[in-house]
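Chain residues, written in single-letter form:
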Amino acid sequence: MKGGGRRPCGSRFLFAGLGFLACMAGTPQAMAQVSAAPVVAPVPASTGSDDPTVYQPVDKDERGLWLMMDEDERKFRTDPAVIRDPALNAYVREVLCKLASPGRCAHIRIYITRTPHFNASMAPNGVMQVWSGLLLRTRNEAQLAAVLGHEYSHFENKHTLQLWREVRRKTNAASWINLIPYAGLVSLGLLTSIFDFSREQEREADEGGLTHMAAAGYDTHEAAVVWENLRAEMDATAVVRRTKSRKDRDRGLFETHPPSAERVATLTELARKTPGVPGATGADRYRAALAPMWASFVDDQLKLNDFGGSEFLLKALAGANWTPQLLYARAELYRRRAQAGDLPQARDFYTAAISGGGDLPELWRGRGLTLQKLGAAEQARADFTEYLRRAPNAPDKAMITILTGGS
Amino acid sequence: MNRFTLASALALAGSLLSAPAEAKYTVVTHGGPALAAGGITVNPAEDWNRDSRKPIKKGEVWTLDGPSLNALYFVSGLAAGETLYRDADKKNRPLPKMNGSMLLTDIPEFFESSARVALNTSLFEVSNVAPVKLGGHDAVRFSYRYAVQGSSLIRNGVAQGTLIKGQLYLIDFAAPSLFYYERDAPKAEAIMASARL
């Protein structure tokens, strides 16, 4: 993906599947289209491969399952949600290949999709799906490796096939055929609630993933941290929404990988026995690899109308270091919610980002809009003027010009 | 998965209608003034079909060939605390609520956030935000494009919105970028230009 014309945000893959790229710089208004060479999607090397090192489906159940998954995979070739950015794809593959055997790793197709929730999945034909929301939530390479290792273990142990057979065994022909679309790529979890069988598989995959992590030289304690963080985020979401936390629920979005307390305890215990390399989290490598993506992943998160979860994630990303970029995101979160007390805070976050060296034009736009609502019209106009000076071709120029009192 | 399939088959407003099997349409004849969503009067230059299913109490969908191919969504007087579409999954994916302190510049953001949550997509982008008059009131016009997860079909949209006494009045048109948008957007924009609030 060349010619991205490096902008402050660095996000440049929305609609990339169509060769149409956009940079969102944290707000929808700050878009710039650039051209890029289309990236050719990888060709499945699953069914029908004559490479003897490639595992082939052995019986009619497995062959049937693979064929369906291959069909599903074709959709990814034109799916605009697939992030084609070569650097990000190469990085995720590199992490996976540290965990998987070289022969197998080469034939796994990874599809990173722009979906702002926590999930990853692996189909029996070697298709791995990683959602952008997962990448926003794992904080270092070891945590990413924990999830990828878990998914790879499902694949290695042929869990989908086993599960499919189990479903067929336990239900009649008319009903299992309806479950086919769910048996592989996305909704393994639909069945999770029905069969304890897949719970066993989850435990097996957790254990397998941890073993792979240790062998690859990661600190295996990070595996439990992934789920602990997720549980804490669900609590944060629930507090603001005044609902019950989903952390101990078995259904819904997280049903494929329930972040149960039991899971955290099991992983912690496993990590005690198989520690891997303590302290080897690869945090710096992870940060560097994901840096160009943060702005757009955070932007997607901010637009989910999940104040509690978003605030939790921003605080987690910042740690003790609120960069201008993160302050900007937090300011936008408060400005957009605009409940009692939010606007003065938003104003202060914008100001802190600017004092901290932030030069994103949208900082002045956001602060101007906030000041306008706070009744500081004069200061607001000065900010709008500064915004347009810094972004003379802003997509909302005409609208903001009116707010500056110009025409 | 079902949700994605349903959403991908329909344009934005159309996809958020309830009970798709029970669609009933009545013709809105061209030439004369017609009342939409109980509060917006327009003069269509061609016959449209009014969908009996309302996404929300204060919203109404018109279409030419079916809501998946062209959907004109009227919203009349959305008040603080109300949502742009039906808040179908309040617990897990609550829609943003109208805020009494909104400015015109907040309308595109409110629209985008509502659409992203309702359609469960991140492939949504707004562009060309500009001032316009809607029914004689200062208003904002913006374009957008989006896709839903699992579908490669891109849809385009254009909308105009204004705030009167803190309530939102909006006319939004969405159609597949292939053929329909180009053919029908001028008709939709003519309707927007004819609006009286």
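Notes on the structure follow. (Residues numbered from 1 in each chain as written. Chains lettered and ligands numbered in written order. Predicted model: local features only at pLDDT ≥ 70, side-chain atom pairs only at ≥ 80, totals over all residues. Heavy atoms only, no water.)

## Concerning the overall build of chain A
(1) Moving on: Secondary structure summary: chain A contains 18 helices and 5 strands in total.
(2) Moving on: Across the 407 residues in chain A, those meeting the buried criterion constitute 57%.
(3) Moving on: Taking the contacts inside chain A whose residues are at least 6 apart along the sequence as the reference set, 62% of them involve residues at least 24 apart.
(4) Moving on: On chain A, roughly 16,400 Å² of surface is accessible, and the fraction owed to carbon and sulfur atoms is 55%. (Helix = DSSP H or I, 4+ residues; strand = E, 2+ residues; numbered from the N terminus. Buried < 20%, exposed > 50% of the residue type's maximum accessible area, 1.4 Å probe, protein only. Contact = heavy atoms within 4.5 Å. Areas by Shrake-Rupley, 256 points an atom, 1.4 Å probe, with all protein chains shown as cover.)

## Remarks on the packing of aromatic side chains
All names here are of chain B.
(1) Moving on: This model, assessed by the stated rule, comprises 18 aromatic pairs over all chains.
(2) Moving on: Pairing Tyr-73 with Tyr-85 gives two aromatic rings, centres 5.6 Å apart and planes at 15°, and the pair type is stacked. In this pair, Tyr-73 is assigned in strand E6 (residues 71-78) and Tyr-85 in the loop between E6 and helix H3 (106-119), connecting sequence segments 12 residues apart. Here the two residues Tyr-73 and Tyr-85 agree in accessibility, since each one is buried.
(3) Moving on: Centre to centre, the rings of Phe-111 and Phe-124 are 6.4 Å apart; their planes meet at 50°, and the pair counts as tilted. Taken together, the residues span a long stretch of sequence, with Phe-111 in helix H3 and Phe-124 in strand E7 (residues 124-134) at a distance of 13 residues. Side by side, Phe-111 and Phe-124 carry an identical accessibility label, which is buried. (Phe/Tyr/Trp six-rings, centres within 6.5 Å; stacked < 30°, edge-to-face > 60°.)

## A look at H3 of chain B
Residue and element names in this part refer to chain B.
(1) Moving on: Relative to the 20 Å expected for 14 residues at 1.5 Å per residue, H3 spans 20 Å between its end C-alpha atoms, a close match to the ideal helical length.
(2) Moving on: Buried residues dominate H3, accounting for 14 of its 14 residues.
(3) Moving on: In the segment just after H3, Asn-120 is the residue with positive phi, at about 55°. (Expected span 1.5 Å × (residues − 1).)

## Considerations on unusual backbone geometry
(1) Moving on: Residues other than glycine seldom take positive phi values, yet Arg-242 of chain A does so here, at roughly 55°.
(2) Moving on: With respect to the helices, strands and loops of the structure, Arg-242 of chain A is situated in the loop between helix H10 (222-241) and helix H11 (261-273).
(3) Moving on: Since its relative accessible area comes to 79%, Arg-242 of chain A is described here as exposed.
(4) Moving on: Its identity is not glycine, yet Asn-128 of chain B carries a phi of approximately 45°, on the positive side.
(5) Moving on: Its place among the elements puts Asn-128 of chain B in strand E7.
(6) Moving on: Taking the relative accessible area as the measure of exposure, Asn-128 of chain B reaches 46% and is therefore partly exposed.

## Re the state of the cysteines
Residues and elements named next belong to chain A.
(1) Moving on: Considering all chains together, one arrives at 1 disulfide over all chains under this definition.
(2) Moving on: The disulfide that involves Cys-97 links it to Cys-105, with 1.6 Å between the sulfurs. With the S-S bond torsion at -55°, the cross-link from Cys-97 to Cys-105 turns out left-handed. (Disulfide = S-S within 2.5 Å.)

## What to know about the sheet that holds strand E10 (residues 167-176) of chain B
All names here are of chain B.
(1) Moving on: One open sheet holds the 8 strands; their spatial order is E1-E4-E5-E6-E10-E9-E8-E7, and the pairing between them is antiparallel. Every interior strand has two partners, whereas the edge strands, strand E1 (25-28) and E7, have only one. Within this sheet the neighbouring strands show an average axis-to-axis angle of 20°, counted without direction.
(2) Moving on: Across the sheet, helix H4 (residues 180-193) lies against strand E4 (48-51), E6, E7, strand E8 (137-146), strand E9 (155-164) and E10, angled at about 160° from E10, the strand it touches most. (Pairing = 2+ DSSP bridges. Axes fitted to C-alpha atoms, helices over the stretch in contact; angles between N-to-C directions.)

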